[in-house]
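# An overview of the molecular structure
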Protein chains: 2
Amino acid sequence: MAQKPSIPKGTRDFGPVETARRGYIFSTIRSVFELFGFAPIETPSIENLSTLMGKYGEEGDKLLFKILNSGEWARALESETVTADASARLTSKVSEKGLRYDLTVPFARFVVQHRNELTLPFKRYQIQPVWRADRPQKGRYREFYQCDADMVGSDSLINEVELLQMIDEVFARLGIRITIKLNNRKVLAGIAETIGEPDRLTDITVAIDKIDKIGLDNVRAELIERGLTDSAVERLVPFLTISGDTGERLAALRDALAGSETGLLGVAELQMVIDTVTNLGMRADVELDVSLARGLNYYTGTIIEVKARDVEIGSISGGGRYDNLTGVFGMPGLSGVGISFGADRIYDVLTALDLFPADVTPAPTVMFANFGEKEARAAMGMMKQLRAAGIPCEIYPDAAKMKKQMAYADSRHIPYVAIVGESEAAEGKLTLKDMTTGTQTLLTPAEAVNITK
Amino acid sequence: MAQKPSIPKGTRDFGPVETARRGYIFSTIRSVFELFGFAPIETPSIENLSTLMGKYGEEGDKLLFKILNSGEWARALESETVTADASARLTSKVSEKGLRYDLTVPFARFVVQHRNELTLPFKRYQIQPVWRADRPQKGRYREFYQCDADMVGSDSLINEVELLQMIDEVFARLGIRITIKLNNRKVLAGIAETIGEPDRLTDITVAIDKIDKIGLDNVRAELIERGLTDSAVERLVPFLTISGDTGERLAALRDALAGSETGLLGVAELQMVIDTVTNLGMRADVELDVSLARGLNYYTGTIIEVKARDVEIGSISGGGRYDNLTGVFGMPGLSGVGISFGADRIYDVLTALDLFPADVTPAPTVMFANFGEKEARAAMGMMKQLRAAGIPCEIYPDAAKMKKQMAYADSRHIPYVAIVGESEAAEGKLTLKDMTTGTQTLLTPAEAVNITK
């Protein structure tokens with residue numbers, strides 16, 4: 001019996017228009033990555049679970065898609081007591097491999113595995129899908145693309161400057177006005193030190209990360225709940241309410257952090273990065289945001305987040321510096337900095353602002369109508385000439401009613417229909433119909449090339 | 001303790017050079033698909049097992065990568081007797097989803113699922129990875145890309161003509177000389193009918209498919225073993241030994257199939273397709289090959305296979321017509337025809353023949369050397385001008401010894417190094433070193449653009 005076909009929850013089919021538009025985003029990002037000297041790599045979709053497990057926290061381990069071992073996988077369970085609550089423990093017995101969860105851990109694994117073939121510093125980009133067994137919800141998918149660029153093997157702030165210019169260029173090309181928010185983990189560490197809670201950095205950053213969402217009072221309450229002293233929390237508040245333009249904020253921060261060497265280093269790094277990109281000229285707004293932590297504990301220096309200025313949506317790009325990404329794979333002390341572009345959110349922003357260019361379309365430029373065997377042969381000859389000149393075209397495969405052929409051209413938004421009837425075929429010409437204006441012109445194939453190019 | 005990182009058997013990391021070269025293959029194929037009016041779609045990597053199972057034969061079912069259900073997957077086994085030999089039966093209890101095995105079944109599923117949004121005929125292309133739990137061996141991988149173009153909803157032979165021209169164009173662009181072998185399932189059916197074994201078509205085609213590999217005598221023996229009568233086998237031999245050029249072969253075939261309506265229809269289809277592409281002009285050799293069956297039972301008309309002429313390797317592209325691909329999903333009677341390009345084998349052919357263009361490289365055109373903070377700032381300003389003109393470039397991030405910087409540029413095969421020392425910075429110029437010739441020239445950034453463009 002025929003099945004009613006469907007796809008798993010949280011996954012998506014992309015039709016022609018969506019795929020063409022997604023391709024436009026990927027190729028824009030890819031060309032900017034290459035303009036900045038980043039080289040592409042690809043890693044397998046399937047990694048050993050030993051590579052993936054323990055890298056994304058306990059929750060992340062649960063969200064990994066695990067692949068059932070091939071063959072007689074149940075053999076490994078024969079001597080086990082198989083109960084529902086033993087699932088987590090039994091997983092390692094029936095599954096050795098999992099689907100890529102992000103591009104960062106595979107990149108770290110790649111660098112260490114191929115250390116002898118790579119010249120450092122190594123700049124790579126990677127545009128590939130990742131999979132997470134998240135509960136599907138609006139805007140959150142179980143399969144989605146990440147577009148990452150990272151540089152490892154150099155702690156120079158020039159890398160930060162390059163990444164910020166790259167972000168600027170990507171969004172300028174896409175036509176999206178953005179604000180780049182910057183912070184520095186050393187500043188956050190300096191704050192923790194200054195308020196006398198140097199070991200509570202994680203608690204503080206997690207709380208600070210929420211300030212935009214839950215407001216100052218709730219963050220204050222949460223910090224108390226997390227066990228910070230009242231006085232520490234009071235000493236923290238001024239840091240969260242620093243105001244003015246970026247220059248004023250940096251100055252205020254420098255004063256407030258006067259007692260912390262780490263904190264001052266963070267301020268100096270921010271100052272250098274902001275000054276340099278400002279002098280080079282940015283179309284994006286660049287601002288300091290001390291509340292920015294991105295909840296990711298592996299950042300050790302610069303933290304970057306990008307927001308669209310004209311659409312209410314989460315961050316559309318982000319990243320930062322990490323100093324020990326490859327340590328877990330046995331290669332400590334390699335500094336890196338990277339950014340990631342979120343293709344799905346960028347797609348939503350381009351849609352909301354109607355920014356996809358009209359020529360980003362899955363349709364050919366010309367459809368040759370089909371008037372029967374002999375005319376079709378003549379049409380195919382002309383089509384060959386148009387194609388040789390780079391004009392995408394096709395012929396309607398059947399000599400169907402003209403109304404049906406035109407409806408097909410319409411539904412695909414094909415801009416021109418070429419009519420090669422008996423008289424055109426005899427003359428070696430075609431009648432080109434502009435589907436927008438309705439105008440029809442008798443042309444040689446060479447003339448048609450010039451018009452449709 | 002640090003792990004020694006590795007990837008699963010049968011999977012691959014692609015470094016910068018390989019990824020750039022693979023990208024060249026994909027983008028060549030993609031542009032030709034688009035030149036011929038095919039529209040891109042993408043389907044999820046993860047499909048429901050109900051969509052995949054039973055579509056690739058018993059062996060295929062085993063080769064599907066299955067994904068372990070999330071959460072307490074072992075609950076479903078609590079009341080089961082879990083033994084090794086029950087693995088196959090128990091799989092459906094712990095796994096509902098699998099990885100895409102090819103692009104054809106997901107495409108059929110897509111067409112049926114989205115039938116109300118699609119205008120027929122529907123021409124789609126799809127370039128995505130597929131996964132098979134095959135025993136890894138040389139040239140066979142567990143994750144590899146397929147590049148498919150299919151047209152459904154039209155039984156016109158114009159589609160075959162288009163596909164053959166498309167194959168011709170792809171390989172002409174890649175510089176690979178090819179032979180396109182053609183056959184038609186109706187011819188094979190006609191042969192089966194003529195030799196008096198109309199129901200043994202599968203046995204015959206499977207055996208015929210082996211003629212190149214094991215020779216006529218072994219095929220003959222195998223057919224006898226499969227239960228064909230001696231007389232049927234004797235009547236078959238002439239079909240396998242038809243010789244001469246394609247015109248002569250077609251004529252001989254027409255004579256030999258005179259008693260089979262189906263067989264004659266197949267010959268007429270082949271004749272029309274071959275005549276039409278020949279008149280339009282093909283760079284590829286096109287030849288009739290009655291031994292061609294491609295072992296795939298779903299082809300119902302034209303069968304296509306492409307061989308590289310200058311490298312001993314299996315087929316590098318292939319396809320054919322199928323009349324009931326969507327039937328299993330509840331949409332019978334939809335005729336389709338398609339081809340698939342094998343990116344891995346094409347990669348091997350291009351490598352063997354040294355055909356990758358020199359500008360298919362993951363390196364930027366210019367590396368700016370780094371002489372310290374002040375010079376680097378000047379260099380970054382000039383780099384911005386080069387990038388604005390589309391020249392991919394980068395700056396070495398640290399003011400390392402010049403020897404180290406040059407070694408980096410060398411190892412990445414970067415063609416030009418731009419030197420911005422104190423004097424160049426003062427003048428707003430750069431010294432451009434051609435890394436091939438060693439020549440150094442003092443230039444303005446605008447002049448550097450003209451040279452490196």
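Scroll up for the structure.
Conventions adopted
- Residues numbered from 1 in each chain as written.
- Chains lettered and ligands numbered in written order.
- Predicted model: local features only at pLDDT ≥ 70, side-chain atom pairs only at ≥ 80, totals over all residues.
- Heavy atoms only, no water.
- Buried < 20%, exposed > 50% of the residue type's maximum accessible area, 1.4 Å probe, protein only.
- Helix = DSSP H or I, 4+ residues; strand = E, 2+ residues; numbered from the N terminus.
- Pairing = 2+ DSSP bridges.
- Axes fitted to C-alpha atoms, helices over the stretch in contact; angles between N-to-C directions.
- Parallel < 35°, antiparallel > 145°, perpendicular 65-115°, else oblique.
- Left-handed = near helix turned anticlockwise from the far one by under 90°.
- Contact = heavy atoms within 4.5 Å.
- Nonpolar A, V, L, I, M, F, W, Y, C, P; charged D, E, K, R; others polar.
- Least-squares fit on C-alpha atoms with pLDDT ≥ 70 in both.
- Buried area = accessible area lost by both parts, 1.4 Å probe.
- Salt bridge = Lys/Arg side-chain N within 4 Å of Asp/Glu carboxyl O.
- Polar contact = N/O pair within 3.5 Å; in protein donor to acceptor, adjacent residues only side chain to side chain.
- Phe/Tyr/Trp six-rings, centres within 6.5 Å; stacked < 30°, edge-to-face > 60°.
- Disulfide = S-S within 2.5 Å.

## Examining the pairing of strand S14 (residues 416-419) of chain B
Residues and elements named next belong to chain B. The alternating pattern of S14 places Tyr416 and Ala418 on one face and Val417 and Ile419 on the opposite face, and all of these are buried. Where strand S12 (residues 366-368) and S14 come together, 3 bridges link them in parallel fashion. Pairing of methionine 367 across the sheet is with valine 417, part of S14. Looking at chain direction, S14 and strand S15 (residues 430-434) are connected through 4 bridges and run antiparallel. The partner of valine 417 across the bridge, within S15, is lysine 433.

## Looking at the packing of helix H7 (residues 185-194) of chain B against helix H12 (residues 261-280) of chain B
All names here are of chain B. Interhelical geometry of H7 versus H12 gives an angle of 150° and a closest axis separation of 7 Å. Judged by the inter-axis angle, H7 sits roughly antiparallel to H12. Remark: the crossing between H7 and H12 carries left-handed chirality. Between H7 and H12, the contacting residues are Lys186, Val187, Ala189, Gly190 and Glu193 on the first element and Thr262, Gly263, Leu265, Gly266, Val267, Glu269 and Leu270 on the second. For the contact of H7 with H12, the per-class residue count stands at 5 nonpolar, 4 polar and 3 charged.

## Concerning the relation of the copies chain B and chain A
When chain B is fitted to chain A, the best match, at an RMSD of 0.1 Å, comes from turning it 180° and sliding it 0.0 Å along the axis. One copy is carried onto the other by what is essentially a two-fold rotation axis. In terms of proximity to the rotation axis, the leading residue of chain B is Ile67(B), whose C-alpha is 2.2 Å off the axis. With an isologous cut-off of 70% or more, the 100% of interface residues of chain B that recur at the interface of chain A puts this contact in the isologous class.

## Here we look at the interface of chain B and chain A
In this complex, chain B contributes 107 residues to the contact, which on the side of chain A involves 107 residues. Between chain B and chain A, a total of about 8,600 Å² is buried, with carbon and sulfur atoms accounting for 60% of that surface. The tally of links from chain B across to chain A stands at 6 salt bridges. Between Glu162(A) and Arg387(B) there is a salt bridge, and its shortest N-O distance comes to 2.5 Å. For the interface between chain B and chain A, the tally reads 40 residue pairs in polar contact (both at pLDDT 80 or more).

## Considering the packing of aromatic side chains
Within this structure, the stated rule accounts for 23 aromatic pairs over all chains. Seen from their ring centres, Tyr396(A) and Tyr408(A) are 5.3 Å apart, and the 80° between their planes marks the pair as edge-to-face. Here Tyr396(A), found in the loop between strand S13 (393-395) and helix H15 (402-411), pairs with Tyr408(A), found in helix H15; they are 12 residues apart in sequence, far enough to count as distant. For the residue pair Tyr396(A) and Tyr408(A), the accessibility class agrees, reading buried in each case. For the pair Phe33(B) and Phe341(B), a centre-to-centre distance of 5.8 Å together with 55° between the ring planes defines the contact as tilted. Here Phe341(B) lies in strand S11 (residues 336-342) and Phe33(B) lies in helix H1 (residues 16-35), a separation of 308 residues in the sequence.

## Here we look at the pattern of salt bridges
All names here are of chain A. Counted according to the given criterion, the structure contains 43 salt bridges over all chains. Close ionic contact of arginine 412 with glutamate 394 constitutes a salt bridge, the shortest N to O distance being 2.9 Å. With arginine 412 in the loop between H15 and strand S14 (416-419) and glutamate 394 in strand S13, this residue pair connects regions lying 18 residues apart in the sequence. Both residues of the pair, arginine 412 and glutamate 394, belong to the buried class. Within the structure, one salt-bridge network assembled from shared partners comprises Asp168, Glu169, Arg173 and Arg283.

## A look at the sheet that holds strand S8 (residues 285-288) of chain B
All names here are of chain B. If you walk across this open sheet you meet the 8 strands as S1-S5-S6-S11-S10-S9-S7-S8, and the pairing is mixed. Because the sheet does not close on itself, it has two edges, and the strands there are strand S1 (39-40) and S8. As defined by bridge partners, strand S10 (residues 317-322) adjoins S11 across 6 bridges and the pair is classed as antiparallel. Bridged to arginine 321 within S11 is valine 337. Taken strand by strand, helix H5 (residues 104-113) contacts strand S5 (122-131), strand S6 (143-152) and S10, and its axis lies near 135° from that of S5. Packing of helix H13 (residues 343-352) onto the sheet brings it into contact with S6, strand S9 (302-308) and S11, and relative to S11 it is tilted by some 45°.

## Quick word on the state of the cysteines
Note on terminology: a disulfide is the covalent bond linking the sulfur atoms of two cysteines. Considering all chains together, one arrives at 0 disulfides over all chains under this definition. Considering cysteine sulfurs only, Cys147(A) is the nearest to Cys147(B), which forms no disulfide, with 20 Å between them.

## Brief notes about the sheet that holds strand S16 (residues 440-443) of chain A
All names here are of chain A. On the basis of which strands lie adjacent, the open sheet formed by 5 strands has the order S13-S12-S14-S15-S16 and mixed pairing. The open sheet terminates on both sides in strands that have one partner only, identified here as S13 and S16. On average, each strand axis in the sheet is inclined to that of its neighbour by 25°, with strand direction left out of account.

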